[in-house]
Structure formats: C-alpha cells, structure tokens
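Chain and residue survey
The chain contents come next:
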Amino acid sequence: MSNAMLHQFLVSDLVVPLGLAQEPGQECLTRFGARLGDGTRLRPDLMVFRKEQIEGDLPYIVGAPVLAVEVASPVSRAADLGAKRDLYARAGVQAYWVVDAGDAEPELVVHALSADGRYTAERVPWGGSLRLTRPFVIDLAPQEIFRPPRRVTPRRRAAMPDVLAQENGPDLPPAGEPILLDAFGRRWPTGAEKVELWDGCPVFYGVWDERDVRAAQAVYPGRVVRLDQAPGEPGTMTVLPAPESDAGRPAEATEAAT
C-alpha cells in the first residue's frame, strides 16, 4: 500500500467519529482550506469548523477552525509537529490533532491551546484512550478508530515540471515582499503532495532536489528557494522573499539553501 492510500484510509477512519461528535452548527470536511490571514492558507487533512465560516463558493473557510487534523507522512511529519503546529497555535486553533502512523500502529498526538496561546500535547498510543470535552465530547481510542495497520510502500518521487517556468504572470509582488493568497493561487505546481502558504511563503510538500529548486526559481523569480531537508529526501520546499541588501532593498537571490 502506498503512503497516499494509507493517508486516505487514516483520514476516512476519523470522519465518522468526528461527524458524530461535532456540535450543532459545525461542519466536518476533508482537505479543505483554512484562510488564517492574507498571507497564510493551510489545508488540514480534516477539520471541523463553524458553518458561518464558509463564504460563498470560496475553497476555504475564513478564520481558525474549531479543530484541525493532520495525518503525518514522511513528507509532512517535521512540519506537522513543528512549524505548522506553531502556525495553528498563533491563529488560535483551539484543538489540533496529528495522526502519526510512523512504522507501527497509528497514534494520536492531541494538542490543546492553553491560556498563554501555546499548545499542550498528549500522545494517545495504540491501545490507549483519552476522553476530551473540548472542542466537543469525544473518546479517542486509536485501536477503535483506525483499521489495522497496513504495510506502506515507498512513494515515487514527485517532481515539479519545468513547464511551470512558462506560467509566470505580472501578478507577483516584488521579490522582497510576501506573497498573498490571491497571487499565489494562480501559481501552484503540480507534483506536490500538498501546497500551502505560510506567512507569505509558498510551501510545497514532496520529494525535491536541485532540479525542482531551479524550476521554482523560474516561477518565483528573485526569491530564495529552500529545501528544508537533504535533496531527494521527503519534506518541504519553501519559497522565501529575497534577502535585503545593505541599502534595505532586496538583493538578488542566490542558489537555494539546503
């Protein structure tokens, strides 16, 4: 079974328990966006939110969801348990869960927002259970929620095609400024497992190398493209604003940091 298929199974296993536990006026959706600011759009694998947070036909809710759930994969684990967790906390997401399968049975890492705006975390292992009252009453027992563990086969490398360099448009801000959602939405690459915008910086999940860095530099000219792990390893590729020169103006971006 591939990583992608295992990911889908784990998400689908949670849909019914959350649907039964959510309160009146709430909705539960998979892989729907959450616009947490003009420069930040995240796409949780599953989230519960208030119905009034949907505006028209937009492919995202506006504001913090009631609950955000991410299923950690080799590509996303570092982000899910690190930088993305901090983004959710800063946005005021009261409950954030990470399903962590790793190489064994699925576990749940349950984060609850404390009064100081930081998460306290509790791990619920396979065979364990935890009763929550926020954001709604639910009993979390991984062995009862998730189907038996499955073998995972390595995911093939997802490459960003060079054709993306031909899709440049006049809508990007200057290279030293953050990219806002409206400009970013027309420049998503294919080949990424997931695409998000963090504080004005595009983030692409996948298995990337120097070829992808060069393609991204063509799509986002003048910006710094950074691999967040060694080339060829699963993880994220981040597009950062151009660094400022001594004069306070953006300097010409150099080869990506790895």
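Residues numbered from 1 in each chain as written. Predicted model: local features only at pLDDT ≥ 70, side-chain atom pairs only at ≥ 80, totals over all residues. Heavy atoms only, no water.

**Focus on the nonpolar core**
As a reminder, the rule being used: For the purposes of this section, nonpolar cores are sets of buried Ala, Val, Leu, Ile, Met, Phe, Trp, Tyr and Cys residues that join through side-chain atoms within 4.5 Å. Only protein chains enter the area calculation, which uses a 1.4 Å probe; residues under 20% of their type maximum are buried, those over 50% are exposed, and those in between are partly exposed. By definition, any uninterrupted DSSP run of H or I lasting at least four residues is a helix, any uninterrupted run of E lasting at least two residues is a strand, and each is numbered from the N terminus. We call two residues contacting when some pair of their heavy atoms lies within 4.5 Å.
Of all hydrophobic cores here, the largest spans 27 residues; its most connected members are Leu18 and Trp97. Broken down by secondary-structure element, the contributors of at least two residues to this core are α1 (3–21), β4 (46–50), β6 (67–72), β7 (95–100), β8 (107–113), β10 (130–132) and β11 (138–140). The element best represented in this core is α1, accounting for six residues. In contact with Leu18, not counting residues within four places along its chain, are Cys28, Leu46, Val48, Leu67, Val69, Trp97, Phe136 and Ile138.

**Some thoughts on unusual backbone geometry**
Here the bond from Arg134 into Pro135 is cis, since omega is 5°, no more than 30 degrees from zero. A positive phi is found at Arg31, a non-glycine position, where the angle reads about 50°. Locating Arg31 in the fold gives a position in the loop between β1 (26–30) and β2 (33–37). Positioned with a positive phi, Asp199 is a non-glycine residue whose angle comes to about 50°. Checked against the element boundaries, Asp199 lands in the loop between β12 (194–198) and β13 (201–207).

**Re the environment of Gly128**
Tracing the backbone shows Gly128 in the loop between β9 (119–124) and β10. Placed 15 residues apart in sequence, Gly128 and Gln143 show a C-alpha to C-alpha distance of 7.8 Å.

**Some remarks on the pattern of salt bridges**
Here is the rule we go by: For salt bridges, the criterion is a side-chain nitrogen of Lys or Arg within 4 Å of an Asp or Glu carboxyl oxygen.
Scanning the entire structure with this criterion turns up 18 salt bridges. Measuring nitrogen to oxygen at the nearest pair gives 3.7 Å for the salt bridge that ties Lys84 to Asp80. Residue classification places Lys84 among the buried residues on the basis of a relative accessible area of 0%. Between Arg226 and Asp228 there is a salt bridge; the shortest N-O distance is 2.5 Å. With a relative accessible area of 31%, Asp228 lands in the partly exposed category. Each of Arg31, Asp45, Glu70, Asp80, Lys84, Lys194 and Glu196 takes part in salt bridges that share partners, so that together they form one network.

**Re helix α6 (residues 210–219)**
Cut-off, in case you're wondering: The arc in question is formed by the directions pointing from the helix axis toward the C-beta atoms.
Among all positions of α6, only Asp212, Val213, Ala215, Ala216 and Val219 are buried. Down the axis of α6, the sector holding all buried residues measures 165°, keeping them to one side. Where α6 is buried, its residues contact β13, β14 (224–227) and β15 (234–240).

**Section: the side chain of Thr238**
Basically, it comes down to this: Think of a polar contact as two N or O atoms within 3.5 Å of one another; within protein, one of them needs to be a possible hydrogen donor and the other a possible acceptor, and neighboring residues in sequence only count if both atoms come from side chains.
The topology assignment puts Thr238 in strand β15. One polar contact links Thr238 to Asp228, side chain to side chain, over a distance of 2.8 Å.

**Structural notes on the sheet that holds β7**
Put simply, the test is: At least two DSSP bridges between two strands are required for those strands to pair. Angular values range over 0 to 180 degrees, each being the angle between N-to-C directions of two axes fitted as lines to C-alpha atoms, with helices fitted over their stretch in contact.
The sheet built from six strands is open, its strands ordered β1-β4-β6-β7-β8-β9 with mixed pairing. Where the open sheet ends on each side, the last strands, each with one partner, are β1 and β9. Along the sheet, successive strands turn relative to each other by an average axial angle of 15°, direction set aside.

**Brief notes about the confidence of the model for the chain**
Definition in use: Note: pLDDT gives the predictor's confidence per residue, expressed from 0 to 100.
This prediction gives the chain a mean pLDDT of 85; 82% of its residues lie at or above 70. Within the model, pLDDT remains below 50 along residues 153–170, and this stretch shows 41 contacts once partners closer than five positions in the same chain are excluded. For residues 252–258, every residue scores under 50 in pLDDT, and the model assigns this stretch 16 contacts once sequence neighbours within four places are set aside.

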